[in-house]
Structure formats: structure tokens, C-alpha cells
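# Results of the structural survey
Residue-level listing of the chains:
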Amino acid sequence: MASGAGSNFEALVAASRSGALAAEVVLLAVNNPGCGAQQRADRLGIPWQLHDHRAAASREALDRGLCRSFREAQVDLVVMAGWMRIVTEELIGTFPERLINIHPSLLPSFRGARAVADALAAGVTLSGCTAHLVSLEVDTGPILVQAAVPVLADDSTESLAARIHRQEHRILPLAVQIAAHRLGLQV
Ligand code: GRF
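Summary of the structure given here. Owing to the predicted nature of the structure, the values given are computational and were not obtained by experimental measurement. (Residues numbered from 1 in each chain as written. Predicted model: local features only at pLDDT ≥ 70, side-chain atom pairs only at ≥ 80, totals over all residues. Heavy atoms only, no water.)

Check the secondary structure of the chain and you find six helices and six strands. Ordered by position from N to C terminus, the α and β elements of the chain give α-β-α-β-α-β-α-β-α-β-β-α. In terms of overall size, the chain behaves like a compact globule, its C-alpha atoms giving a radius of gyration of 16 Å where 187 residues would be expected to give roughly 16 Å. Taken along the three principal axes of its C-alpha coordinates, the chain extends 50 × 40 × 30 Å. Just so you have it, the chain exposes about 9200 Å², and 53% of that area is on carbon and sulfur atoms. (Helix = DSSP H or I, 4+ residues; strand = E, 2+ residues; numbered from the N terminus. Rg over C-alpha atoms; globule rule 2.2 N^0.38 Å. Areas by Shrake-Rupley, 256 points an atom, 1.4 Å probe, with all protein chains shown as cover.)

See the structure below:
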């Protein structure tokens, strides 16, 4: 599931294709038509589906549509790789222990959509990213993998976000592998 540029989505596909991740990316769901993730899927030959939140009657209705698609595609795990929508019990309850999120802070610090800017404003000297299983409260749930990065004196939100991004691409495939292992999934 991706809303934006899709670099984490591509990192998962790359890890899968290189053999570093023993999993196959079978489907991409996007909510923003034409977003970077969708374009990457086209380039990489991965099927994608649009689940536009603007066309859904509620958050629950959007999630029900996603669940239908994922069931049809027979997925074992679902990854929120930059999914900028709040998800509901519909999705979380359908994929218990199987729904993974990536967040650009060392949780439980700096939850929410402005995590990188908030970390910078707080003056922390270490930040990073967290891959975790999804619980109902936004940016909470059992942590699978974290990576720390230094915050430099002259960092902007963009430079810090770029440093964090590089670590996200490293830990997200690891988190998928760990979640699969916890569930005893075989490929
Ligand atoms: C990442 O920083 C992720 O932590 C956040 O959204 C961003 C997605 O980036 N949830 P990309 O679309 O994968 O490039």
C-alpha cells in the first residue's frame, strides 16, 4: 500500500528480486491516481489497483475494498509502505499480525504525519525509522525493526528525511522477513 513516491515499495520489490527477501510482491494498492508508486509498479511490472479514498464513503469502506483486493490476490502479508491514510479495524482485524507499517522516527517518539519535522524541532541528535505491526492507534504496535541515524547540526527536514529514507529501504524488507518468520509462513 502506497500513497506517494513509492521508494519503499520499490525497495521491497528489489529485495524480493535479488533474493534478499524470500517473498513475492504480488500487488500494489495506491490511493492517489498516478502517484510515484503507481509509476514504479508500471516500470517494474507489478500489478496495481487504485483505491481512491475520495471515492469511498468512509475510512471503513476504503479498508473493506482493500481487504477484498488483498483476499482475491491471496496475500499473506500487507505492507503500508508510505500509506498516508488512517486505517481502521476493518483492515487491522482482517490481517492480524500481518499488517506492517514503516514510520520515519524512532517510535514511540514522534508519531504522526510530521515526524521528521517534529524530531528536528525537538532538537534530538538521533532519529531514525521504525517498522512495526499495526495497531488501532496511529503509529503504534509491536516493533519489528528500527534503525537510528544521526541528526546533523545543519540538517533540514529534507536532508534528515533523505538519511532516514535510506535506512527505511534497508529495514522494511527485514521487517517483512521477520513478520513472515513469526507467522511460520513459507515461500
Ligand atoms: C516514508 O518516509 C515512510 O516512513 C512514511 O512515508 C514515507 C514514504 O516514502 N510513512 P516512499 O513513498 O516510500 O518514498
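Within strand β4 (residues 99–103), five of the five residues are buried, leaving the element largely enclosed by the surrounding structure. Going residue by residue along β4, you find L99, N101 and H103 tucked away on one face and I100 and I102 tucked away on the opposite face as well. The sheet contact formed by strand β3 (residues 78–80) and β4 spans three bridges and is parallel. Paired with V78 across the two strands is L99, which belongs to β4. Each parallel crossover has a hand, and the one from β3 via helix α4 (residues 89–94) to β4 is right-handed. (Buried < 20%, exposed > 50% of the residue type's maximum accessible area, 1.4 Å probe, protein only. Pairing = 2+ DSSP bridges. Right-handed = clockwise from strand over helix to strand, strands pointing away.)

What follows deals with the sheet that holds β3. Pairing within the open sheet is mixed, and its four strands lie in the order β3-β4-β5-β6. Lying at the two open borders of the sheet, with one neighbouring strand each, are β3 and β6 (143–150). Averaged over neighbouring strand pairs, the angle between their axes works out to 15° when direction is ignored. By the bridge criterion, four bridges tie β4 to strand β5 (residues 126–133) in an arrangement that is antiparallel. Each residue of the ladder has a partner; that of N101, found in β5, is H132. (Axes fitted to C-alpha atoms, helices over the stretch in contact; angles between N-to-C directions.)

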